[in-house]
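# Structural features, examined
So you can see what is in the structure, the chains are spelled out below.
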Amino acid sequence: MTKILMVCLGNICRSPLAEGLLRSKLDDDKFVVDSAGTANYHIGKAPDERSVAVAKKYGLDISHLKARQFKVSDFNVFDLIYVMDESNYENVKALARDEKELAKVKFILNEVYPNQNQAVPDPYYGGDDGFEQTYNMLNKACAVVAEKLKS
Ligand code: 4NP
């Protein structure tokens, strides 16, 4: 079983979309996909309605997901930890206990644009088109991740 964790700040906009997208591209007999936020603002809440709406538009239901905060023990459980931006990277990195744990943490857009550490911008304060862009970026990145994991 390979276990993949998607991480953003609030776990209500970007990482639930990434979780739903990657899960939809992988066989759930072989892979576990989860998501978490570095912040505690939205623990227990469903994804932002704009993330739910853009997912629904493309045939994905993420409405049942619940936000949780990233925790140190996630390093024991997950093989790969994908972050959305530099700030997520720094926050997760600060909790890594050794080089092996740190090596699990990757920028998700590096799967599409290697070594650039590009961000999936936070769409929280913007309009609906931001969520459409977020969806498209994550769909592209998750397609690459899924192909790599399956091969
Ligand atoms: P996310 O977006 O990190 O993609 O879930 C955000 C959600 C909430 C907040 C910031 C970003 N917030 O400040 O409450």
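Residue numbers run consecutively from 1 along every chain, following the written order of its sequence. The model is predicted, so local features are restricted to residues of pLDDT at least 70 and side-chain atom pairs to those at 80 or more, both for listing and for counting; the totals for chains, interfaces and linings are taken over all residues. Only hydrogens and water are set aside when side-chain values are computed; all heavy atoms of the structure are taken into account.

With that out of the way, let us pick up the confidence of the model for the protein chain. Interpretation of the predicted coordinates at a detailed level should be avoided for regions scoring low in pLDDT. For every residue, the predictor assigns a confidence score, pLDDT, that lies between 0 and 100. Per-chain confidence: the protein chain averages 97 in pLDDT, with 100% of residues scoring 70 or above. Runs of E in the DSSP output that reach at least two residues are strands. Runs of H or I that reach at least four are helices, and both are numbered from the N terminus. Per-element averaging of pLDDT across the protein chain places helix α6 (residues 128–150) at the bottom with 97 and strand β3 (residues 80–83) at the top with 99.

Attention shifts here to the packing of aromatic side chains. What counts as a ring pair is set by centres within 6.5 Å for rings of Phe, Tyr and Trp (its six-membered ring), and what kind of pair is set by the plane angle: stacked under 30 degrees, edge-to-face over 60, tilted for all other angles. Inspection of the entire model under this criterion finds four aromatic pairs. Ring centres of Y58 and Y135 lie 4.4 Å apart, and the angle between their planes is 15°; this geometry places the pair in the stacked category. Highlighted residues: Y58 in the loop between α2 (49–57) and α3 (74–77) and Y135 in helix α6, separated in sequence by 77 residues. Each residue is placed in one exposure class: buried if its accessible area under a 1.4 Å probe, protein chains only, is under 20% of its type's maximum, exposed if it is over 50%, and partly exposed if it falls in between. Classification of Y58 as partly exposed rests on a relative accessible area of 37%. Look at F70 and F75: their rings are 5.4 Å apart centre to centre, the planes differ by 85°, and that puts the pair in the edge-to-face class. The same class applies to F70 as to F75, namely buried.

Ordered by their spatial adjacency, four strands build an open sheet running β2-β1-β3-β4, and the pairing between neighbours is parallel. Looking at the sheet topology across the chains shown, the edges are occupied by β2 (31–37) and β4 (105–107). Ignoring strand direction, the axes of neighbouring strands in this sheet form an average angle of 25°. Here, any two strands with at least 2 DSSP bridges between them count as paired. The pairing of β3 with β4 spans three bridges and is classified as parallel. Considered in β4, the bridge of Y82 is made with K106. Fitting a line to C-alpha atoms yields each axis, with helices limited to the stretch in contact; the angle taken between N-to-C directions then spans 0 to 180 degrees.

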